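Next come the chains, spelled out residue by residue.
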Amino acid sequence: MDIYYYWLIAAIVLVVIEIFTVSFGAICFSIGAIAAGIASYFDVSFSVQLGVFAVVSFVAFLFLRPILMKFFLRGPDVKTNADAIIGRKGVVSEDIDAEQHTGRVRIDGDDWKALSADGTFIGVGSEVEVLSRESIIITVKKIVI
């Protein structure tokens with residue numbers, strides 16, 4: 001079997017590794033392996049193939065990887081998990097009283113410990129909006145209709 005097949009196999013294995021790691025490092029080596037395989041196809045020496053592999057991989061790391069990182073790994077625009085609760089509306093299930101340190105709000109079936117943003121009393125059944133979340137405690141304000 002010709003050596004360019006080995007370069008092709010290495011490139012495929014590196015792509016599979018990239019699929020599982022998503023660091024954009026293995027894909028740069030994969031591009032280098034493809035370039036070395038092309039060089040091998042034209043019957044250049046193995047040391048030249050290694051040089052092509054190293055140079056192309058290095059150039060991919062310098063130029064391609066930063067572009068891929070910027071494009072694919074940018075910060076999420078959509079809030080997820082517990083941060084998605086900010087801005088949502090809920091119903092007070094236990095009086096929110098700053099003096100008594102009590103208060104709970106039900107949002108989509110979940111019951112959260114709640115504090116009033118301005119320290120006022122909010123009674124059971126009132127509709128509130130979540131302003132912030134700190135661990136398992138949310139800060140809410142009463143919605144005035």
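Keep in mind it's a predicted model, so treat the numbers as computed, not measured. (Residues numbered from 1 in each chain as written. Predicted model: local features only at pLDDT ≥ 70, side-chain atom pairs only at ≥ 80, totals over all residues. Heavy atoms only, no water.)

Focus: the overall build of the chain
A tally of helices and strands in the chain yields three helices and five strands. Ordered by position from N to C terminus, the α and β elements of the chain give α-α-α-β-β-β-β-β. In terms of overall dimensions, the chain is more spread out than a globule: its C-alpha atoms have a radius of gyration of 28 Å, far above the 15 Å expected for 145 residues. Dimensions of the chain along its principal axes, counting C-alpha atoms only, are 80 × 25 × 25 Å. Of the contacts made within the chain by residues no fewer than 6 positions apart, 46% connect residues no fewer than 24 positions apart. Total accessible area on the chain stands at roughly 9,600 Å², and carbon and sulfur atoms take up 65% of it. (Helix = DSSP H or I, 4+ residues; strand = E, 2+ residues; numbered from the N terminus. Rg over C-alpha atoms; globule rule 2.2 N^0.38 Å. Contact = heavy atoms within 4.5 Å. Areas by Shrake-Rupley, 256 points an atom, 1.4 Å probe, with all protein chains shown as cover.)

Side note on helix H2 (residues 26–41)
Between its terminal C-alpha atoms H2 stretches 22 Å, which fits the 22 Å expected from 16 residues at 1.5 Å a residue. By the burial criterion, the buried members of H2 are Ala26, Cys28, Ser30, Gly32, Ala33, Ala35, Ala36, Gly37, Ala39 and Ser40. Where H2 is buried, its residues contact helix H1 (3–21) and helix H3 (46–72). Among the residues trailing H2, aspartate 43 stands out with phi positive, at a value near 60°. (Expected span 1.5 Å × (residues − 1). Buried < 20%, exposed > 50% of the residue type's maximum accessible area, 1.4 Å probe, protein only.)

Quick word on the sheet that holds strand S5 (residues 137–142)
In space, the five strands of this closed barrel follow the order S1-S2-S3-S5-S4, with mixed pairing throughout. Direction aside, the axes of adjacent strands within the sheet are offset by 50° on average. Inspection of the sheet shows strand S1 (residues 89–97) paired to strand S2 (residues 102–107) by four bridges, in the antiparallel sense. When the bridges of S2 are listed, valine 91 appears paired with arginine 106. (Pairing = 2+ DSSP bridges. Axes fitted to C-alpha atoms, helices over the stretch in contact; angles between N-to-C directions.)

Structural notes on the packing of aromatic side chains
Applying the stated criterion to the full structure yields seven aromatic pairs. Here the aromatic rings of tyrosine 4 and tyrosine 5 are separated by 4.8 Å at their centres, their planes lie at 35°, and the arrangement is tilted. Between phenylalanine 29 and phenylalanine 53, the ring centres sit 6.1 Å apart and the planes meet at 25°, which makes this aromatic pair stacked. Placement of phenylalanine 29 in helix H2 and of phenylalanine 53 in helix H3 is noted, with a sequence separation of 24 residues between them. Following the ring pairs from residue to residue traces out a cluster consisting of Trp7, Phe29, Phe46, Phe53 and Phe61. (Phe/Tyr/Trp six-rings, centres within 6.5 Å; stacked < 30°, edge-to-face > 60°.)

Things to note about the nonpolar core
Counting 12 residues, the largest nonpolar core is built from Ile85, Val92, Ile96, Val105, Ile107, Trp112, Ala114, Ile122, Val128, Val130, Ile138 and Val140. Of all elements in the fold, only S1, S2, strand S3 (110–116), strand S4 (127–134) and S5 reach the threshold of two or more residues within this core. With residues up to four places along the chain from it excluded, the contact list for isoleucine 138 reads Val105, Ile107, Trp112, Lys113, Ala114, Leu115, Val130, Ser132 and Arg133. (Core = buried A, V, L, I, M, F, W, Y, C linked by side-chain atoms within 4.5 Å.)

Some remarks on the environment of lysine 89
Topologically, lysine 89 is positioned in strand S1. The partly exposed category is assigned to lysine 89, whose relative accessible area is 46%. Distance from lysine 89 to leucine 8, taken between C-alpha atoms, is 55 Å for residues 81 residues apart in sequence. Every residue in contact with lysine 89, bar those within four places of it in the chain, is listed here: Ile107, Glu127, Val128, Glu129 and Ile143.

Some thoughts on the packing of H1 against H2
Look at H1 against H2: their axes get within 8 Å of each other, and the N-to-C directions meet at 170°. Judged by the angle between their axes, H1 and H2 are roughly antiparallel. As for the relative orientation of H1 and H2, their crossing is left-handed in sense. Of H2, the residues touching H1 (which contributes Ile3, Tyr4, Trp7, Ala10, Ala11, Leu14, Val15, Ile17 and Glu18) are Ala26, Ile27, Phe29, Ser30, Ala33, Ile34, Ala36, Gly37, Ser40 and Tyr41. When its residues are assigned to classes, the contact of H1 with H2 shows 15 nonpolar, three polar and one charged. (Parallel < 35°, antiparallel > 145°, perpendicular 65-115°, else oblique. Left-handed = near helix turned anticlockwise from the far one by under 90°. Nonpolar A, V, L, I, M, F, W, Y, C, P; charged D, E, K, R; others polar.)

These figures capture arrangement, not role.
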